[in-house]
Amino acid sequence: MTRIAALAPSEALPGFEVGLRDAAPPGAPLTARGLVKRFGDKIVLNALDLHAPAGQFLAVVGRSGCGKSTLLRLLAGLDEADGGRISFGDREINDAPRLARVMFQEARLLPWASVLANVEVGLGRARGSGRRLALDALASVGLADRVGDWPSALSGGQRQRVALARALVSRPRFLALDEPLGALDALTRIEMQHLLEAAWRRERFTAILVTHDVTEAVALADRIVLLEDGAVALDVTINLPRPRSRGTAEFGAIVDRILGRLLRSA
Amino acid sequence: MTRAASVDFDSSTDAAGARSRRAVAAVASGASKWLVPALVVALWQGASGFGLISDTLLPAPTSVLAAGWRLTRSGELAANIEISALRAIAGLVVGGGIGLALGLANGLSKLSENLTDSTLQMIRNVPHLALIPLVIVWFGIDEGAKLFLVALGVFFPLYVNTLHGVRSVDPQLIEMARSYGMSNGALFRRVILPGALPSIFVGLRYALGVMWLTLIVAETIAAQSGIGYMAMQAREFMMTDVVVLSILIYALLGKFADFVARFLERVCLPWHPAYKKL
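Because the structure is predicted, anything quoted here is derived from the model rather than measured.

Trainee: So, the interface of chain A and chain B: which residues are in play, and what are the values?
Mentor: The interface is formed by 16 residues belonging to chain A together with 13 residues belonging to chain B. Residues that form the side of chain A that touches chain B fall into these classes: ten nonpolar, three polar and three charged.

See the structure below:
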């Protein structure tokens, strides 16, 4: 009952009923303790602690060079920390590839593979009966009619939608988003934000979104963490009802508060 | 009403006219490419006919065609083309295969690269045709000599371009594939090899040029069969028509090999913007 209710507001976008296969596995709770990352003499992450409960949509904002992308790369298992521990529930980071998926700023599609084959990459080693799943994932991002195309025939927004389908096809329990909408135009961005939110509400994974766009963070996240000098400087919980309207006074107040803090840290 | 209809009628005849004009233009542009070669052949034939060019120095096109017909009927031409083609293919498979394998190995493994790359780069600076005297001492003038020279000639273009292709695969794609848990085998098959393929094809087409060049030199210097041998034999007896014919056959074989390589590129790289179907 709650699932249906949660899905109802997204009817304006194509193909979301596809997601109603079976109950999604719960997201993985994420815990990072005392994370340290250095590049040469520069300390990028300074004993950072962060906990995201299962299924939370957490946004990380901060000025360029604050360490937000570095943090995401550590959480996604792309780089190794110089100190500290990361765990997903009762599992260590080493198991992460099976739980975690990453969406990069660039779509990173294989140019020599069809749209469908690119989504099948997301199934990892467990391919085989994956065709059906890949088709469903493509339908859920509204690209069911482009399965046979080469990535070069798609627009930037469509490529990012394929990348989203690829990230979601294995039903991850943790999704790391490294400014995935940064290179898109304003309208496509908003469309992608709706798509992302709908996917998160459907699949209930834990999501960490790194972004420089505070409005985007407030529109999507349950909670916003502001990084400064490699540590958490501000931690705000957003209790606005979904779907969120950007025009409301509360929305504007939260954006102002975070922007104000960001500007002060200059 | 009538006016609207007549406007419609006009625009449709306009469209048809534009279409036929475009077709004519396409044919004209296709034909114009052949205009100069045709003119040259006609001048050559004319000059030979009027005795301006000595038939022993440069026989007329018709004499070359006649020589071609004569040798085709005797079976000599087909036999020589066959042996030359076999040598070329054998050398390409051996030398190109080793070049491809070493290029992939050195692109993928730092150890392999450290062991072999600088040695190979040193050898690359030796012009392979300079080895002919040595090769004759080693192998005499039998098939081994030709195979060795062609293989050595095609090795480097394939090696260098394969290595470059593997190295230039987008590291972001490799990172993506790893984060999706791709095994090393899958990473090679699905990311690295397809990413290196355009560059490998560049190497192949370059290698084909070197292949024919090496074979021509090897066959004219040390051979008892093949197109090059046929040309050298004909020179002994001042049969310049056969010499010119041999040169033309080499040109046609080279063109054919390039055509095959282009065809393979089209088949293997359908995703590549350069080969996209229009």
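Picking up where we left off.
Trainee: Tell me what's going on with the sheet that holds strand S6 (residues 100-103) of chain A, and back it up with residues and numbers.
Mentor: Residues and elements named next belong to chain A. Read across the open sheet, the six strands follow the order S6-S7-S8-S3-S9-S10; overall the sheet is mixed. With partners counted over all chains shown, the strands left at the sheet margins are S6 and strand S10 (231-237), one partner each. Across the sheet, the axes of successive neighbouring strands diverge by a mean angle of 20°, strand direction being ignored. Here strand S9 (residues 223-228) runs beside S10; their pairing, made up of six bridges, is antiparallel. Residue pairing across strands places Leu-226 opposite Leu-234, the latter belonging to S10.

Trainee: Describe the environment of Ala198(A), naming the residues involved and giving the relevant values.
Mentor: Residue and element names in this part refer to chain A. Structurally, the position occupied by Ala-198 is in helix H7 (residues 186-203). You can call Ala-198 buried: it has 23 C-beta atoms within 10 Å. Spatially, the C-alpha atoms of Ala-198 and Gly-130 are 22 Å apart, while their sequence positions differ by 68 residues.

Trainee: Pulling in residues and values, what's your account of the environment of Glu228(A)?
Mentor: If you trace the backbone, Glu228(A) turns up in strand S9. Between the alpha carbons of Glu228(A) and Arg63(A) there is a distance of 7.6 Å; along the sequence they are 165 residues apart.

Trainee: Describe the confidence of the model for chain B, naming the residues involved and giving the relevant values.
Mentor: Residue and element names in this part refer to chain B. With 93% of its residues at a pLDDT of 70 or more, chain B has an overall mean of 88. Note on residues 1-10: pLDDT under 50 across the span, and zero contacts to partners over four residues away in sequence or across chains. What the predictor reports for the complex is a pTM of 0.81 with an ipTM of 0.83.

Trainee: I'd like to hear about helix H10 (residues 240-268) of chain B, residue by residue, with values.
Mentor: Residue and element names in this part refer to chain B. Compared with the 42 Å implied by 1.5 Å per residue over 29 residues, the 42 Å span of H10 between its first and last C-alpha is a close match. Three or more residues of H10 are buried, namely Thr-240, Asp-241, Val-242, Val-243, Val-244, Leu-245, Ser-246, Leu-253, Ala-257 and Glu-265. Buried residues along H10 sit in contact with helix H2 (61-74), helix H3 (76-108), helix H8 (184-221) and helix H9 (227-236).

Trainee: A description of helix H4 (residues 110-124) of chain B should follow, citing residues and the corresponding values.
Mentor: Across its 15 residues, H4(B) extends 20 Å between first and last C-alpha, which sits within 8% of the 21 Å expected from 1.5 Å per residue. Residue Thr116(B) marks the point of greatest curvature in H4(B), where the axis turns by about 40°.

Rules used throughout
Residues numbered from 1 in each chain as written. Chains lettered and ligands numbered in written order. Predicted model: local features only at pLDDT ≥ 70, side-chain atom pairs only at ≥ 80, totals over all residues. Contact = placed C-beta atoms within 7 Å. Nonpolar A, V, L, I, M, F, W, Y, C, P; charged D, E, K, R; others polar. Pairing = 2+ DSSP bridges. Helix = DSSP H or I, 4+ residues; strand = E, 2+ residues; numbered from the N terminus. Axes fitted to C-alpha atoms, helices over the stretch in contact; angles between N-to-C directions. Buried ≥ 20, exposed ≤ 12 C-beta atoms within 10 Å, placed from the backbone. pLDDT = per-residue confidence, 0-100. Expected span 1.5 Å × (residues − 1). Bend = angle between axes of the 7 residues up to and from the residue.

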